[in-house]
Amino acid sequence: MAARAIRTAFSQINSVPKSHGQGVLPFLQERFLESQSCPSNTRQYSSAGSASIQKVTMIPGDGIGPEISQAVKDIFEAAGAPIIWEDVDVTPIKGPDGNFHLPQAIFDSMAETKMGLKGPLATPIGKGHKSLNLALRKAFSLYANVRPCKSIEGYKTPYDEVDLVTIRENTEGEYSGIEHTIVDGVVQSIKLITETASRRVAEYAFKFARDNNRSTVTAVHKANIMRMSDGLFLKCCREVASKNKDIKFTEHYLDTVCLNMVQDPTQFDVLVMPNLYGDILSDLCAGLIGGLGVTPSGNIGEDGAIFESVHGTAPDIAGQDKANPTALLLSAVMMLRHMQLGEYGDRIEKAALDTIREGEVLTGDLGGEATCSAFTKEICRRIQS
Amino acid sequence: MAALTRRLLCNTAWRQTVVPSLSSFGNRNYTINATEQQVLSCAKYGGRHCVTLMTGDGVGPEILTHVQEIFRYAGAPIDFETVEINSSTTDAAYLEAALLSVQRNGVALKGNIETKFDDAEFRSMNVALRSRLDLWSNIVWCRSFKGVNARYDDIDIVLIRENTEGEYSSLEHESVTGVVESLKIITAEKCERIARYAFDFAARNGRKKVTAIHKANIMKLADGLFLESCRKVSEDYADIKFSDMIIDNASMQMVSRPQQFDVLLMPNLYGNILSSIAAGLVGGAGLVPGMNVGAKYAVFESGTRNSGRSLKGKNIANPTGMLLASCDMLDYLGHHNVGALIRESVLDVIAQPQHQTPDMGGQATTTDVIQAIIDDIKPKTQTRNQQAN
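Under an unreviewed UniProt entry, chain B has the name Isopropylmalate dehydrogenase-like domain-containing protein and belongs to Littorina saxatilis. For chain B, the Subcellular location (unreviewed entry) comment in UniProt is given as "Mitochondrion". What UniProt states about chain B under its Sequence similarities (unreviewed entry) heading is, verbatim, "Belongs to the isocitrate and isopropylmalate dehydrogenases family."

Identification of chain A as Isocitrate dehydrogenase [NAD] subunit, mitochondrial from Littorina saxatilis is taken from an unreviewed UniProt entry. A UniProt comment under Sequence similarities (unreviewed entry) is attached to chain A, and it reads "Belongs to the isocitrate and isopropylmalate dehydrogenases family." Of chain A, the UniProt comment under Subcellular location (unreviewed entry) reads exactly: "Mitochondrion".

Right, dumping it as structure tokens:
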């Protein structure tokens with residue numbers, strides 16, 4: 001009797017529930033609390049042989065967001081990845097003070113899981129609340145935005161063999177939001193660069209390079225024009241570089257990098273830069289490999305990480321099963337690697353890239369005619385075969 | 001007489017007139033002529049213009065020597081006044097002498113001056129020259145070159161960039177140790193001025209569309225002011241389509257579909273970025289010329305303002321960009337025949353693979369290319385002299 005009870009309990013643990021983390025068994029809940037004592041921003045459950053299951057906050061988003069999030073969940077299930085999803089809706093709600101705020105649910109969820117996967121969010125302009133992306137970034141101090149740009153075989157662009165990573169400081173710089181009208185017709189916008197933030201992102205860049213076997217980190221700056229601000233950023237990068245002598249460090253002007261990037265993108269490896277330059281360069285590099293529809297992105301913070309797709313919500317095709325889940329899927333793969341679940345990530349990535357390379361089942365934006373579900377099914381089929 | 005003087009001296013700096021050039025350059029044949037006020041500023045002695053030559057650092061000195069050589073062969077009526085200014089002439093007197101020379105001559109041809117940014121006392125001389133001479137418009141015209149290996153062959157974009165304010169205001173301070181603030185200044189006056197210049201340029205050159213580049217979704221006041229000024233000016237030019245695009249989207253569009261752009265109107269930093277991208281797309285830093293224009297003065301240089309430090313002394317630098325900039329200068333001064341003659345030779349020569357320098361994928365040295373251009377020019381000048389006789 002006791003043996004049967006234990007067996008039932010074990011089988012219930014090992015089957016990952018399809019729904020989103022509600023009704024988790026008391027046994028697992030106990031494990032959640034246990035692992036809160038673990039340091040770092042990945043939530044690992046100590047495991048004695050059985051698969052350790054990790055909980056991830058999922059923000060499906062707007063427009064095509066729900067469809068592509070479901071596609072990712074299906075693919076993860078096919079791969080048997082030990083992930084439980086907790087869906088959260090981040091539509092701002094009006095607080096008692098009349099201002100719009102993010103719902104408390106997202107903060108609670110992320111505080112627990114420390115890992116998020118986000119679909120595209122609509123940023124309504126002029127609705128009286130700050131950009132949601134900005135709010136999430138501030139709330140979880142997501143200081144580094146990482147965007148690996150690798151050419152996708154089967155999705156031809158004029159640029160071949162691109163394989164670089166842009167790491168962008170995500171919290172300060174030109175996007176501090178500090179602006180004043182000095183007199184009528186004269187506006188000043190303040191770009192803030194601090195030693196702490198610069199050092200932090202530089203350290204992350206070198207760590208990322210080491211963890212992912214990259215050979216060179218390049219700092220991108222405009223210190224000839226912005227002597228003190230970019231000079232400080234560069235100084236921090238140099239100091240961190242001197243402590244990481246196993247990785248080559250170079251520095252280039254932003255315009256030189258742009259110039260060389262469009263002529264020969266293969267010469268770049270890992271790029272680290274302040275906020276604005278990173279925003280522009282990461283979109284430039286996304287353009288090299290085929291656009292935002294196939295580019296993954298991750299935001300790394302001290303308190304956790306959120307991986308996201310950076311394309312728009314595509315309201316014109318929302319709900320029509322035409323969306324391409326590649327960007328969100330590749331971001332989810334990044335997330336798996338970050339969570340030390342690289343073997344699942346590799347399998348999923350291989351299946352997805354093989355599907356695109358074979359070119360038989362492709363969504364409209366990749367040049368095919370398949371639906372989102374057909375594309376997803378094909379990837380699932382490849383994983384399971 | 002007073003009315004005439006008043007007319008000549010009124011600030012019509014943006015009304016650059018356009019003259020059809022005799023050389024073909026892709027699909028476009030237009031170049032830029034000086035305004036009346038600018039003409040008054042240009043030193044002309046006995047039919048010959050005097051032009052300030054600032055050699056700068058890197059490959060500037062060697063290439064500008066070649067430019068002078070080609071001018072001699074082509075018979076260009078230009079005398080150069082060389083002023084010494086580079087990264088080692090840090091004494092303020094050198095900068096003042098250079099400024100005085102440009103103010104006297106009205107026109108300059110310039111190599112890039114390196115900025116030693118690790119030295120806290122070193123001020124960027126390029127920025128100082130541009131702001132002191134009030135060269136508020138930077139124009140880089142990126143057109144695909146015939147015979148040059150590039151990913152696209154049908155690019156024709158005019159990048160017009162505000163040249164004196166924005167992020168290049170050089171106003172920075174360290175408020176607390178480890179925290180630096182850099183001020184980006186945007187003024188309605190300068191935004192309107194550059195917008196008007198761009199629309200006027202478009203109108204006079206038969207361009208159809210002007211696109212303003214900004215990041216007003218994040219920098220709401222600063223870039224918002226820029227965008228608003230552009231919109232206001234666009235209302236005076238009903239025939240020209242006005243649109244706007246956010247800088248990161250523009251960068252992405254530039255690498256995937258650059259043919260969609262016509263005239264781009266940008267604040268300082270975004271202009272720097274997009275000019276570099278566009279120059280890379282048509283063939284690289286060595287190929288594209290640029291000009292900096294104000295109400296009275298004009299300075300011609302390479303479009304991407306690189307000094308080419310790593311190429312110095314190796315005789316492999318590409319002289320095309322600087323040569324094309326000097327042809328633009330000749331057109332500006334009214335010497336259209338000579339300008340067209342040199343430009344045609346330059347374009348014909350670099351279209352041939354044996355005369356392409358390493359940055360274009362070839363093996364030729366700088367001197368090879370220059371000699372080929374001279375050989376191309378010589379028969380044309382001899383014919384001209386024979387015809388004159």
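A. Structural detail: the overall build of chain B. In terms of helices and strands, chain B carries twelve helices and 15 strands. Over its C-alpha trace chain B gives a radius of gyration of 21 Å, about what one expects of a compact globule, namely 21 Å for 389 residues. Referenced to the eigenvectors of the C-alpha coordinate spread, the extents of chain B come out at roughly 65 × 50 × 50 Å. Evaluated residue by residue, chain B yields a buried proportion of 62% over its 389 residues. Contacts in chain B between residues at least 24 apart in sequence constitute 75% of all its contacts with a sequence separation of at least 6. Carbon and sulfur atoms make up 50% of the accessible area of chain B, which totals about 15100 Å². Looking at charge distribution, chain B has the averaged site of its 40 positive side-chain charges lying 4 Å from that of its 43 negative ones.

B. Quick peek at the UniProt feature "domain: Isopropylmalate dehydrogenase-like" (unreviewed entry) in chain B. The UniProt entry lists residues 50-373 of chain B under the feature "domain: Isopropylmalate dehydrogenase-like" (unreviewed entry), expressed in the numbering used here. Helix and strand shares over residues 50-373 of chain B are 40% and 23% respectively, and the end C-alpha atoms of the span are 24 Å apart.

C. A look at the pattern of salt bridges. Taken as a whole and judged by the stated rule, the model has 49 salt bridges over all chains. Between Arg168 of chain A and Asp279 of chain A there is a salt bridge, with its nearest N and O atoms 3.8 Å apart. Of this pair, Arg168 of chain A sits in strand 7 (residues 163-169) while Asp279 of chain A sits in helix 9 (residues 275-289), and the two are 111 residues apart along the sequence. One exposure class covers both Arg168 of chain A and Asp279 of chain A, and it is buried. The salt bridge partner of Asp262 of chain B is Arg207 of chain B, with a shortest N-O separation of 2.7 Å. With Asp262 of chain B in the loop between helix 8 (247-256) and strand 13 (263-266) and Arg207 of chain B in the loop between helix 6 (188-205) and strand 11 (209-214), this pair connects stretches of sequence that are 55 residues apart. Given a relative accessible area of 4%, Arg207 of chain B falls into the buried group. Look at the salt bridges and you will find they share partners, linking Glu153, Lys350, Asp354 and Arg357 of chain A into a network.

D. Quick look at the nonpolar core. Met261 of chain A together with Leu109, Leu159, Met254, Leu274, Ile277 and Ile342 of chain B are the most contacted members of the largest nonpolar core, which has 130 residues in total. Looking at this core, the element that brings in the most residues is helix 9 (residues 268-282) of chain B, giving nine residues. Ignoring sequence-local partners within four residues, the contact set of Met261 of chain A consists of Leu164, Phe268, Leu271, Leu281, Leu284, Cys285 and Leu288 of chain A. Residues Ala223, Ala332, Leu336 and Phe375 of chain A belong to the second largest nonpolar core, which totals 69 residues.

E. Expanded view of the packing of helix 8 of chain B against helix 9 of chain B. Residue and element names in this part refer to chain B. One way to put it is that helix 8 packs onto helix 9 with a least axis distance of 10 Å and a crossing angle of 5°. The angle between helix 8 and helix 9 falls in the class roughly parallel. For the pair helix 8 and helix 9, contact is made by Ile247, Ala250, Ser251, Met254 and Val255 and by Tyr270, Leu274, Ile277, Ala278 and Leu281, respectively. When the residues that make up the contact of helix 8 with helix 9 are grouped by side-chain class, the tally is nine nonpolar, one polar and no charged.

F. Seen up close, the environment of His221 of chain A. Topologically, His221 of chain A is positioned in strand 10 (residues 216-221). Taking the C-alpha atoms as reference, His221 of chain A lies 5.2 Å from Tyr253 of chain A; in sequence the two are 32 residues apart. Not counting the four nearest positions on each side in its chain, His221 of chain A is found in contact with Asp230, Leu234, Glu251, His252, Tyr253, Leu254 and Tyr277 of chain A together with Phe117 of chain B.

G. Highlighting the side chain of His66 of chain B. Residue and element names in this part refer to chain B. Within the secondary structure, His66 is located in helix 3 (residues 60-74). Accessibility expressed as a relative area gives 13% for His66, which makes it buried. Setting aside residues no more than four positions away along its own chain, His66 makes contact with Thr366, Thr367 and Ile370.

H. Layout of the packing of aromatic side chains. Following the criterion strictly, the structure yields twelve aromatic pairs over all chains and no others. Consider the rings of Tyr143 of chain A and Tyr204 of chain A, whose centres lie 6.3 Å apart with planes at 85°: the pair is edge-to-face. A residue pair is termed long-range when its members are at least 10 positions apart, and Tyr143 of chain A in strand 6 (residues 142-150) and Tyr204 of chain A in helix 6 (residues 195-211) qualify at 61 residues. Here Tyr143 of chain A matches Tyr204 of chain A in class, with each residue buried. Between the aromatic rings of Phe71 of chain B and Phe80 of chain B, the centroid separation amounts to 5.6 Å while the plane-to-plane angle is 40°, which identifies the pairing as tilted. The pair Phe71 of chain B / Phe80 of chain B is uniform in exposure class, with both members buried. Grouped by ring-pair contacts, the aromatic residues Tyr143, Tyr204 and Phe208 of chain A constitute a single cluster. Positioned above the aromatic ring of Tyr253 of chain A, the side-chain terminus of Lys222 of chain A is 5.9 Å from the ring centre. The residue whose ring lies beneath Arg143 of chain B is Trp141 of chain B, and the NZ or CZ to ring-centre distance is 4.1 Å.

Rules used in this analysis
Along every chain, residues carry numbers that run from 1 in the direction the sequence is written. All chains are assigned letters beginning with A, and all ligands numbers beginning with 1, in the order in which they are written. Confidence filtering applies because this is a predicted model: local features only for residues at pLDDT of at least 70, side-chain atom pairs given and counted only at 80 or more, and all residues used for totals across whole chains, interfaces and linings. For the side-chain quantities, the full set of heavy atoms in the structure was used; hydrogens and water were omitted. UniProt positions are given in the numbering used here, feature names are shortened, and annotations may be inferred rather than shown by experiment. Helix and strand labels come from DSSP, where a helix needs a run of H or I of at least four residues and a strand needs a run of E of at least two; each type is numbered from the N terminus. For the radius of gyration, the atom set is restricted to C-alpha positions; the globular benchmark scales as 2.2 Å times the number of residues to the power 0.38. For every residue, the accessible area obtained with a 1.4 Å probe (protein chains only) is divided by the maximum for its type, and the residue is called buried under 20%, exposed over 50%, and partly exposed between those limits. The contact criterion used throughout is that any non-hydrogen atoms of two residues lie within 4.5 Å. Residue-level accessible areas treat just the shown protein chains as cover; the underlying method is Shrake-Rupley with a 1.4 Å probe. The charged-residue count follows a simple rule in which Lys and Arg add positive charge and Asp and Glu add negative charge, with His and chain termini not counted at all. Throughout, a charge is located at the NZ atom of Lys, the CZ atom of Arg, the CG atom of Asp or the CD atom of Glu. A side-chain nitrogen of Lys or Arg and a carboxyl oxygen of Asp or Glu constitute a salt bridge if their distance falls within 4 Å. The nonpolar core is taken to be a set of buried Ala, Val, Leu, Ile, Met, Phe, Trp, Tyr and Cys residues, with the residues joined through side-chain atoms within 4.5 Å. Between the N-to-C directions of two axes lies an angle of 0 to 180 degrees, each axis being a line fitted to C-alpha atoms and, for a helix, fitted only over the stretch in contact. Here roughly perpendicular refers to angles of 65 to 115 degrees, roughly parallel to angles under 35, roughly antiparallel to angles over 145, and oblique to all remaining angles. Under the grouping applied here, Gly and all other residues not named as nonpolar or charged are polar, the nonpolar ones being Ala, Val, Leu, Ile, Met, Phe, Trp, Tyr, Cys and Pro and the charged ones Asp, Glu, Lys and Arg. Pairing of aromatic side chains requires ring centres within 6.5 Å, counting the rings of Phe and Tyr and the six-membered ring of Trp. Pairs whose planes differ by under 30 degrees are stacked, by over 60 edge-to-face, and all others tilted. In this scheme, the term charge over a ring applies when either NZ of a lysine or CZ of an arginine sits within 6 Å of the ring centre and within 35 degrees of the ring normal.

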